[in-house]
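# A structural walkthrough
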Amino acid sequence: MSVLERTRAPEEPAAAREPRVTDEHGRRIRVGELLLRYALLLAVLALTIGPFLWQLSTSLKGPTEDIYSSPPTFLPGDPTLHNYERVADTIPVWDYALNSLKVATANVVTNCVGAALAGYALARLRYRGRRVATLAFILAMLVPVEGIIIAQFTTMRELGLNNTLIGVVLPGCIGAMNVLLMRNAFLNLPYEIEEAAFVDGANVWQRFLRIALPSVKGTLAVVAIFAFMGAWDDFLWPLIVLSDPSKFTLTIGLNYLHGTFANDERLVAAGTIIAVAPLIALFACLQRYFFRGVGEGAVKG
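Heads up: these notes are all about the structure in this document. It should be emphasised that the depicted structure is a prediction, and the values quoted were computed from it without experimental measurement.

### A few points about helix α7 (residues 145–158)
- The end-to-end C-alpha distance of α7 is 19 Å, a good match for the 20 Å that 14 residues give at a rise of 1.5 Å each.
- At A151, α7 shows its largest bend, some 25°.
- Inspection of α7 places I149, Q152 and M156 among the buried residues, and these make up the whole buried set.
- Looking at the packing, one finds that the buried side of α7 touches α8 (165–169) and α13 (236–241).

So, in structure tokens, the structure goes:
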């Protein structure tokens, strides 16, 4: 046997040359397990995205199409936007959407500012009663909204804020869960960075604004999305505190759409899409920060 033949590496078997699918730990995933995972993912996708796609399809169907056919037809035969025009002609949907946008924007600003300040104080500052304050926020999450809604309504009435958008915003301007999210994000930051800034003469506001807050943008985006969704989708509290139709939010306005045109599913579907579209747009804009939770608070060179 020649030297070239002895040094030539043996050929790998065909099975070894096949691409391997591994998990996050480098372990090989069997074909059956991989198929099961994809089947479960498709089932969850159908349960979550399916109703929205069906509503979208129904909103685009014309009056001549049968939406109750069996088997049902998913794609509209002649897509039209006439149902959205009918929604605008039936109720002042854009005025309601503007009121909801005002409430949701104010809720996002107050929650981001208030939760960031409170979370930083709970995580970084040293004072008496800090643990009691943290416990109070935890207990506040355990209280159902329905149990305090009468007290909230009485408070708004005493303040003269009934039938105002400020009265809609005020009870949810700072959420306990958002404060705890920001607290946990600030706790994950290395203390050495702030200690170095303190040695350089930075006060507490400078450390908060220039060091701590830029490092928790991911959690801040999560708080913004949760605050916007909570205010935009809220139905019970605006229904109780508002009585002037010109100040109704979108959820209350769409409820009138349901009551008046309960048999016209195309109109209801179009109103639902109008209500959901801003939430999708907000998440699309903030998804880059939303999925940064793993590296939150990391030191970047």
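### A word on the pattern of salt bridges
- A full pass over the atoms with the stated rule returns three salt bridges.
- Of the charged contacts, one joins E194 and R124 as a salt bridge, the two residues approaching to 2.9 Å between their closest N and O atoms. One end of the pair, E194, is in helix α10 (residues 191–199); the other, R124, is in helix α5 (residues 93–124), and 70 residues separate them in sequence.
- In this structure, E194 engages R207 in a salt bridge whose closest nitrogen and oxygen atoms are separated by 3.6 Å. Taken together, the residues E194 in helix α10 and R207 in helix α11 (residues 204–212) connect sequence positions 13 residues apart.
- The class of R207 is buried, set by a relative accessible area of 13%.
- Here the salt bridges share partners, and the residues they tie into one network are R124, E194 and R207.

### Digging into the layout of surface pockets
- There is about 930 Å³ of room inside the largest pocket.
- Around the largest pocket sit 30 residues that line it, and V145, P171, G172, I174 and G175 are the ones nearest its centre.
- At the level of elements, α5, α6 (130–142), α7, α8, α9 (176–187), α12 (217–233) and α13 are the ones that each hand at least two residues to the lining of the largest pocket.
- Here the element with the most residues in the lining of the largest pocket is α7; it accounts for five residues.
- Across the lining of the largest pocket, the residue classes tally to 21 nonpolar, seven polar and two charged.

The rules behind these values
- Residues numbered from 1 in each chain as written.
- Predicted model: local features only at pLDDT ≥ 70, side-chain atom pairs only at ≥ 80, totals over all residues.
- Heavy atoms only, no water.
- Helix = DSSP H or I, 4+ residues; strand = E, 2+ residues; numbered from the N terminus.
- Expected span 1.5 Å × (residues − 1).
- Bend = angle between axes of the 7 residues up to and from the residue.
- Buried < 20%, exposed > 50% of the residue type's maximum accessible area, 1.4 Å probe, protein only.
- Contact = heavy atoms within 4.5 Å.
- Salt bridge = Lys/Arg side-chain N within 4 Å of Asp/Glu carboxyl O.
- 1 Å grid on protein atoms, 1.4 Å probe; cavity = no way out; pocket = protein on both sides within 12 Å on 5 of 7 lines; lining within 4 Å.
- Points joined across faces, edges and corners; volume = space filled by probe spheres on them.
- Nonpolar A, V, L, I, M, F, W, Y, C, P; charged D, E, K, R; others polar.

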